[in-house]
Amino acid sequence: MRAGFHAGPAASAVAPVVVAAALAHIGPAATWLPELRRRRFPGLAGQGRPDHIALTFDDGPDPASTPHFLDVLDALGVRATFFVLGENVVRHPETALELARRGHELAVHGWSHDRPWLPSPARDARGLTRAVHAVGEVAGRVPRWYRPPYGILTSGRWAAARRAGTRPVLWTAWGKDWRQDATPASVRATVAADLRGGGTILLHDTDHVSAPGSWRAALGALPDIVRDCREAGWAVGPLGEHGVIGAEERGGGRSERGVGHERGGRARARARAR
């Protein structure tokens with residue numbers, strides 16, 4: 001009884017500290033909210049030049065699915081940014097090398113696709129550093145961009161990204177292509193609903209952490225999504241050529257090889273699901 005009597009006040013004193021630490025850890029994850037991100041953090045959302053759309057893929061590389069996306073992108077004359085997982089790069093180095101060989105931009109999606117609910121700054125820093133090294137080895141250059149799994153940016157992940165020299169970037173439009181009920185038509189319509197000039201599209205080139213076979217919905221939607229963007233007057237390419245708000249430009253060439261589809265920079269969204 002006496003021990004219990006003395007523990008009560010101590011526990012009460014510690015509780016606010018624990019709550020404050022938890023809020024400090026998870027508070028930045030509010031940037032996951034699309035409207036908040038678009039309005040308050042456009043650079044984090046991946047907002048770039050109004051005549052350009054950044055096309056990005058998460059969770060690969062995967063030898064069973066990623067090569068199909070590479071073939072379609074080749075046929076479309078489009079280069080994209082692939083946010084790859086470090087563990088998948090190590091597991092499938094040939095597929096990762098093929099991404100770089102075909103001219104796509106490799107970026108970091110973390111080491112593994114974990115949920116960061118418990119604070120662990122050392123784990124975050126260790127995993128991201130390891131992933132940056134693995135990606136840099138196959139890309140032949142230090143990766144520039146970082147997108148955390150699930151788009152959840154904790155304070156630990158922010159700090160790890162700064163330490164690794166990467167810039168966090170999320171998305172403005174996604175296809176919800178990870179779902180079991182996703183279809184090419186649903187992916188196309190979902191992307192079109194939120195897409196505006198200067199936006200960043202999120203798709204997945206694998207079902208690594210998605211419903212089995214769901215990548216086929218994104219693959220089927222890809223030609224129509226690119227066509228919708230071009231009809232709206234937007235070029236399609238990687239983040240490195242997107243002019244992300246707050247990021248220094250590198251290069252500045254066109255984002256599509258042999259395709260001249262930059263028809264003025266301020267066309268309103270006409271991407272539509274037919």
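This structure is a prediction, so every number in the text was calculated from the model and none was measured.

## Some words on the pattern of salt bridges
Right, on to step 1. Tallied over the entire structure, the rule returns 13 salt bridges.
Right, on to step 2. Its salt-bridge partner being Asp74, residue Arg79 comes within 3.3 Å of it at the nearest N-O pair.
Right, on to step 3. According to the relative accessible area criterion, Asp74 is partly exposed, its value standing at 31%.
Right, on to step 4. Between Asp228 and Arg188 there is a salt bridge whose closest N-O contact spans 2.8 Å. Taken together, the positions of Asp228 in helix α10 (residues 215-231) and Arg188 in helix α9 (residues 184-194) put the pair 40 residues apart, joining distant regions of the chain. Across the pair, Arg188 and Asp228 agree in class, each one buried.
Right, on to step 5. Taken together, the salt bridges that share partners define one network made up of Asp71, Asp74, Arg79, Glu98, Arg101 and Arg102.

## Thoughts on the environment of Ala221
Right, on to step 1. Relative to the assigned elements, Ala221 resides in helix α10.
Right, on to step 2. Sequence-wise, Ala221 and Ser186 are 35 residues apart; in three dimensions their C-alpha atoms are separated by 8.4 Å.
Right, on to step 3. If near-sequence neighbours (up to four positions away) are discounted, Ala221 is found in contact with Pro184, Val187 and Arg188.

## A short note on unusual backbone geometry
Peptide bonds are mostly trans, and most non-glycine residues show a negative phi.
Right, on to step 1. In this chain, Gly60 is followed by Pro61 through a cis amide linkage whose omega measures -5°.
Right, on to step 2. Despite not being glycine, Tyr150 has its phi angle at roughly 65°, a positive value.
Right, on to step 3. Within the fold, Tyr150 resides in the loop between β4 (145-146) and α8 (155-164).
Right, on to step 4. Assessed through its relative accessible area of 30%, Tyr150 is described here as partly exposed.
Right, on to step 5. Of note, Lys176 is a non-glycine position whose phi angle comes to about 50°, a positive value.

## A few points about the nonpolar core
A general trend in soluble globular proteins is that nonpolar side chains are found buried together.
Right, on to step 1. One finds Leu55, Phe57, Ile201, Leu203 and Leu222 to be the most contacted residues of the largest nonpolar core, which totals 53 residues.
Right, on to step 2. Top contributing element to this core by residue count: α10, with nine residues.
Right, on to step 3. Core analysis: the second largest hydrophobic core is formed by seven residues, Ala107, Val169, Leu239 and Val244 among them.

## Structural notes on helix α4 (residues 66-76)
Right, on to step 1. Every buried residue of α4 is listed here: Thr66, Phe69, Leu70, Leu73 and Leu76. The buried residues of α4 occupy an angular sector of 125° when projected down its axis, which confines them to one face.
Right, on to step 2. Buried residues belonging to α4 abut β1 (52-58), β2 (81-84), α6 (93-101), β7 (200-204) and α10.
Right, on to step 3. Positive backbone phi, approximately 70°, marks Gly77, located one or two places after α4.

## Some details on the packing of α9 against α10
Right, on to step 1. One can describe the packing of α9 onto α10 by two numbers: an axis separation of 7 Å at closest approach and a directional angle of 45°. Comparing their axes, α10 and α9 come out oblique. The chirality of how α9 crosses α10 is right-handed. Residue-level contacts link Pro184, Val187, Arg188 and Val191 of α9 to Arg216, Ala217, Ala218, Gly220, Ala221, Asp224, Ile225 and Asp228 of α10.
Right, on to step 2. Residues that form the contact of α9 with α10 fall into these classes: seven nonpolar, one polar and four charged.

## Focus: the layout of surface pockets
Right, on to step 1. By volume, the largest pocket is sized at about 350 Å³.
Right, on to step 2. For the largest pocket, the lining is made up of 16 residues, of which His104, Glu105, Leu106, Arg141 and Gly240 are closest to its centre.

## Overview of the environment of Pro93
Right, on to step 1. Among the secondary structure elements, Pro93 is positioned in helix α6.
Right, on to step 2. C-alpha separation for the pair Pro93 and Pro61, spaced 32 residues apart in sequence, amounts to 8.5 Å.

## Description of the packing of aromatic side chains
Aromatic ring pairs: the centre-centre distance and the angle between the two ring planes describe each pair.
Right, on to step 1. Scanning the entire structure with this criterion turns up five aromatic pairs.
Right, on to step 2. The interplanar angle of 55° and the centroid separation of 6.3 Å between the aromatic rings of Phe69 and Trp215 together place this pair among those described as tilted. Taken together, the residues span a long stretch of sequence, with Phe69 in helix α4 and Trp215 in helix α10 at a distance of 146 residues. Considered together, Phe69 and Trp215 belong to a single accessibility category, that of buried residues.
Right, on to step 3. Of the aromatic side chains, those joined through ring pairs into one cluster are Phe57, Phe69, Phe82 and Trp215.
Right, on to step 4. The lysine or arginine in question, Arg130, covers the ring of Trp111, its NZ or CZ lying 3.7 Å from the ring centre.
Right, on to step 5. The ring of Phe83 carries the charged tip of Arg147 above its face, separated from the ring centre by 4.1 Å.

How each quantity is defined
- Residues numbered from 1 in each chain as written.
- Predicted model: local features only at pLDDT ≥ 70, side-chain atom pairs only at ≥ 80, totals over all residues.
- Heavy atoms only, no water.
- Salt bridge = Lys/Arg side-chain N within 4 Å of Asp/Glu carboxyl O.
- Buried < 20%, exposed > 50% of the residue type's maximum accessible area, 1.4 Å probe, protein only.
- Helix = DSSP H or I, 4+ residues; strand = E, 2+ residues; numbered from the N terminus.
- Contact = heavy atoms within 4.5 Å.
- Core = buried A, V, L, I, M, F, W, Y, C linked by side-chain atoms within 4.5 Å.
- Arc of directions from axis to C-beta.
- Axes fitted to C-alpha atoms, helices over the stretch in contact; angles between N-to-C directions.
- Parallel < 35°, antiparallel > 145°, perpendicular 65-115°, else oblique.
- Left-handed = near helix turned anticlockwise from the far one by under 90°.
- Nonpolar A, V, L, I, M, F, W, Y, C, P; charged D, E, K, R; others polar.
- 1 Å grid on protein atoms, 1.4 Å probe; cavity = no way out; pocket = protein on both sides within 12 Å on 5 of 7 lines; lining within 4 Å.
- Points joined across faces, edges and corners; volume = space filled by probe spheres on them.
- Phe/Tyr/Trp six-rings, centres within 6.5 Å; stacked < 30°, edge-to-face > 60°.
- Lys NZ or Arg CZ within 6 Å of the ring centre and 35° of its normal.

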